[in-house]
Amino acid sequence: MAQTTIHNSAIAHFSEAEPLRLDSGAVLAPFSIAYQTFGALNAERSNAVLVCHALTGDQHVANAHPITGKPGWWETVVGPGKPVDTNRYFVICSNIIGGCMGSTGPASLDPKTGRAYGLEFPVITIRDMVRAQARLIESLNIPDLFCVIGGSMGGMQVLEWAATYKAKVFSAVPIAAASRHSSQNIAFHEVGRQAVMADPDWRGGRYIDEGTAPRKGLAVARMAAHITYLSSKALHEKFGRKLQDREAFTFGFDADFQVESYLRHQGTAFVDRFDPNSYLYITRAMDYFDLAADHGGILANAFKGTKTRFCVVSFTSDWLYPTRESREIVQALNAVAANVSFVEIDSDKGHDAFLLHEPELFGAVSGFLGAAAARRGLPATSQLADTSA
Amino acid sequence: MDLKRKAERRKPARVDHLLIADMVRPGARVLDIGCGDGELLSLLEAERDVDGRGIELIQSNVNLCVAKGLSVIQGDADRDLVNFPDASFDYAILSQTLQATRRPRHVLEQLLRIGARAVVSFPNFGHWRIRLQLLAHGRMPVTANLPEEWYATPNIHYCTIKDFLALCLDMNAHVERSVALNVYGTQIGIGLPLSWQNIIGEQAVFLLTKRT
């Protein structure tokens, strides 16, 4: 494995001789993983926390984004003195395999052809993402993780970590997640993919070679998806039926309503930082996720024999991954007598609540991690100086 | 142990909680059903070094417990105990919760299935003040220990110490220990006959096992 940097991120390169075997049967080699770290690894190498990002997230969890310049996507949770305290824990966040922020994905060059993979990129699964992360952790000489934490698709990776690498996960915090994608989840994703593929500039996935980009299609996909991240109440309170910079209807198809203008902005801002084919591959991986199916149809089997301490978190107004899905995870964990906490947080912000200012989330995460750290014998603050940039 | 937990420890513990702690073996695996704000669990973790878990109906209490570092899930004693495997805990504790369950017998059966031992504490409806209030005024009793009016109380299945013993007998549960506490929270002499305990005891704590 070799190391370089791109987008202010460290990159771990795995050579042809270190292939990643995928669920589909395909083999990905060589491959790279871009990642950020925060805080310092202790001498015992026992304080590492892996943060798993969501569908459109990346490794820039607590540092300014190199493209948009916006603060890290989880600066409310990760940082010095924050619930995931970088004075105490060594935090790693890597861009998933299939992503577009430095890790190998469909926009990367295929060494066999010398052009971007496009649809030649193998279809990946959540487990493949986790396998790649495990390779990164191994390459950093970290024997096991103090905690794996993440929301939405990040929460799915947390569950997969806990199921696949039981001995390597001391504690796990899946937030606003589910153990499988529902028919409704798949349906929304299919709308997004069809929007991308219906854009004539998609060119059968070869848009990079042809110098085009399905910007409109990807923007529509993002607009549709964004609605699912918010609650009806949150949307109504934010926008109501208010008009955008005008007194009356235009009797046309401009963005008359504020909510239209907002969604259009969300769509166009997204295409500047995201690869359309990555969107297809990652949504596919989420759709394929079904942890119970991978374990004989019984979710509890995925966690049999686990020693991991779990803290499952859901939000009342999240209709994308509703509380009942988290409760199923909790019941499966109870069935194997696992150590589990379960917090449902009263919020009207919908699925996106996990990214927003939710003091009860912060309290639960810091309380849970603090107790877990005490069990693991981690000192209250890291003995090493904070070396993060 | 962090400071928050130490501060908690300094708070004087309830007598019934101390009694329960006394019945629990150090280092045991414990499930506290209806754990409230986690006071008993914190005590057991601090004093008995237990591997503790809790189930609590009220979500705000659950969130409070988790923020304190306790392993607690939101759940309903009547509905959710079936999810736990047989004998998965050394002790299943039901502290001041039995009378608020819809199916007390079912809950007790689950306790004895999940735990090698069950610890149950409940307010004694046979206490003389309660008897007297009903006799003298003809109204549902309201006491310091049971302060809610009949229409506002979560307690829907009151029992007396004698009632509880009869149920244990019927369920073939073995009473390993039983302690009644008077209004001052002191233990009532063991030598006292059951009918007297049932009059003077304001609350009771039982340690049960399943008869094999």
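Bear in mind the structure is a predicted one, so any value in this text is a computation, not a measurement.

Caption draft 1: A look at the overall build of chain B. A tally of helices and strands in chain B yields nine helices and seven strands. Computed over the C-alpha atoms, the radius of gyration of chain B is 17 Å, within 12% of the 17 Å expected from 2.2 N^0.38 for a compact globule of 212 residues. When burial is assessed residue by residue, chain B has 44% of its 212 residues classed as buried. The long-range fraction of contacts in chain B, counting pairs at least 24 apart against all pairs at least 6 apart in sequence, stands at 64%.

Caption draft 2: Main features of the overall build of chain A. The helix and strand tally for chain A stands at eleven helices and 15 strands. Against the globule reference of 21 Å for 389 residues, chain A gives a C-alpha radius of gyration of 21 Å, in line with a compact fold. Across its three principal directions, the C-alpha atoms of chain A cover 65 × 50 × 45 Å.

Caption draft 3: Region of the structure containing unusual backbone geometry. At the junction of Ala29 of chain A and Pro30 of chain A, the peptide bond is cis and its omega measures out at -10° in the coordinates. Considering the arrangement of structural elements, one finds Pro30 of chain A in the loop between strand E4 (27-28) and strand E5 (31-38). In the Ramachandran plot, Arg45 of chain A falls in the positive-phi region, its phi being about 55° despite a non-glycine side chain. Of note, Arg45 of chain A is situated in the loop between E5 and strand E6 (48-52). Taking the number of C-beta atoms within 10 Å as the measure of exposure, Arg45 of chain A has 14 and is therefore partly exposed. In this structure, Asp49 of chain B is a non-glycine residue whose phi angle is positive, near 50°. Along the chain, Asp49 of chain B turns up in the loop between helix H3 (39-48) and strand E2 (51-56).

Caption draft 4: Expanded view of the sheet that holds strand E6 (residues 173-181) of chain B. Residues and elements named next belong to chain B. Pairing within the open sheet is mixed, and its seven strands lie in the order E3-E2-E1-E4-E5-E7-E6. Each edge of the open sheet is held by one strand with a lone partner, namely strand E3 (71-74) and E6. Between one strand axis and the next, the sheet turns through 15° on average, direction left out of account. Two elements, strand E1 (residues 29-33) and strand E4 (residues 89-95), share four bridges in a ladder whose sense is parallel. Bridge assignment links Ile33 to a residue of E4, and that residue is Leu94. The sheet strands contacting H3 are E1, E2 and E4, and the helix crosses E2 at an angle near 175°.

Caption draft 5: Looking closely at the interface of chain B and chain A. Tallying the contact residues gives 18 residues for chain B and 22 residues for chain A. Broken down by secondary-structure element, the contributors of at least two residues to the side of chain B that touches chain A are helix H4 (59-67) and E3 of chain B. Sort the elements by how many residues they give to the side of chain B that touches chain A and H4 of chain B lands first, with five residues. A breakdown of the residues in the side of chain B that touches chain A according to their chemical character gives eight nonpolar, seven polar and three charged.

Caption draft 6: Seen up close, the confidence of the model for chain B. Residues and elements named next belong to chain B. Per-residue confidence for chain B averages 91 on the pLDDT scale, and 94% of its residues sit at or above 70. The model gives residues 1-10 a pLDDT under 50, and that stretch makes eleven contacts with residues more than four places away or in other chains. The ipTM, which scores confidence in the relative placement of chains, is 0.85 for this predicted complex, and the corresponding pTM is 0.92.

Caption draft 7: Local environment of the environment of Gln157 of chain A. Within the secondary structure, Gln157 of chain A is located in helix H2 (residues 153-164). Taking the C-alpha atoms as reference, Gln157 of chain A lies 6.6 Å from Cys52 of chain A; in sequence the two are 105 residues apart.

Caption draft 8: Here's a closer look at the domain arrangement of chain A. All names here are of chain A. The domains assigned to chain A are domain 1 (2-180 + 293-376) and domain 2 (185-283). Placing a centre on the C-alpha atoms of domain 1 and another on those of domain 2 gives a separation of 26 Å. At the junction of the two partners, domain 1 supplies 25 residues and domain 2 supplies 21 residues.

Caption draft 9: Region of the structure containing the pairing of strand E9 (residues 90-94) of chain A. All names here are of chain A. Along E9, five of the five residues are buried, which leaves the element largely enclosed by surrounding structure. Across the two faces of E9 the burial is the same, with Phe90, Ile92 and Ser94 and Val91 and Cys93 all buried. Here four bridges tie E5 to E9, and the two strands are oriented antiparallel to one another. Each residue of the ladder has a partner; that of Thr37, found in E9, is Ile92. Taken together, the four bridges between E6 and E9 define a ladder with parallel strand orientation. By the bridge assignment for E9, Ala48 is matched with Phe90.

Caption draft 10: A look at the confidence of the model for chain A. When pLDDT is averaged along chain A, the result is 95; 97% of the residues meet or exceed 70. pLDDT under 50 marks residues 382-389 of chain A. Its contacts with residues more than four places away, or in other chains, come to 19 contacts.

Caption draft 11: Layout of the pairing of E3 of chain B. All names here are of chain B. The side-chain alternation of E3 yields two buried faces, one formed by Ser71 and Ile73 and the other by Val72 and Gln74. Direction of pairing for E2 relative to E3: parallel, over a ladder of four bridges. Note on E3: the bridge partner recorded for Ile55 is Ile73. Handedness of the crossover is the feature at issue here: the chain leaves E2, passes through H4, returns alongside E3, and the resulting connection is right-handed.

Caption draft 12: Quick look at the packing of helix H11 (residues 359-376) of chain A against H4 of chain B. Following both chains from N to C, one finds H11 of chain A and H4 of chain B inclined at 40°, their axes separated by 7 Å at the closest point. Relative to H4 of chain B, the element H11 of chain A is oriented oblique. Contacts between H11 of chain A and H4 of chain B involve Glu360, Gly363, Ala364, Gly367 and Phe368 of chain A from the first element and Asn63, Val66 and Ala67 of chain B from the second. In the contact of H11 of chain A with H4 of chain B, the residues fall into four nonpolar, three polar and one charged.

Caption draft 13: A look at the sheet that holds E9 of chain A. Residue and element names in this part refer to chain A. If you trace the nine strands from one edge of the open sheet to the other, you get E1-E2-E5-E9-E6-E12-E13-E14-E15, paired in mixed fashion. Every other strand in the sheet has two partners, leaving strand E1 (2-6) and strand E15 (339-345) as the edge strands with one partner each. On average, adjacent strands in this sheet sit at an angle of 25° to one another, irrespective of strand direction. In terms of strand pairing, strand E12 (residues 145-151) meets strand E13 (residues 169-175) through six bridges, oriented parallel. Residue pairing for E13: Gly150 is matched across the bridge by Pro174.

Caption draft 14: Focus on the packing of helix H2 (residues 15-23) of chain B against H3 of chain B. All names here are of chain B. At their nearest, the axes of H2 and H3 sit 10 Å apart, and the two run at 45° to each other. Taken together, H2 and H3 sit at an angle that is classed as oblique. Judged by the sense of rotation from one axis to the other, the crossing of H2 with H3 is right-handed. Here His17, Ile20 and Ala21 of H2 lie close against H3, whose contacting residues are Glu39, Leu40, Leu43, Leu44, Glu47 and Arg48. Taken together, the residues of the contact of H2 with H3 sort by class into five nonpolar, one polar and three charged.

Criteria and thresholds
Residues numbered from 1 in each chain as written. Chains lettered and ligands numbered in written order. Predicted model: local features only at pLDDT ≥ 70, side-chain atom pairs only at ≥ 80, totals over all residues. Helix = DSSP H or I, 4+ residues; strand = E, 2+ residues; numbered from the N terminus. Rg over C-alpha atoms; globule rule 2.2 N^0.38 Å. Buried ≥ 20, exposed ≤ 12 C-beta atoms within 10 Å, placed from the backbone. Contact = placed C-beta atoms within 7 Å. Pairing = 2+ DSSP bridges. Axes fitted to C-alpha atoms, helices over the stretch in contact; angles between N-to-C directions. Nonpolar A, V, L, I, M, F, W, Y, C, P; charged D, E, K, R; others polar. pLDDT = per-residue confidence, 0-100. Domains from an automatic or database assignment. Right-handed = clockwise from strand over helix to strand, strands pointing away. Parallel < 35°, antiparallel > 145°, perpendicular 65-115°, else oblique. Left-handed = near helix turned anticlockwise from the far one by under 90°.

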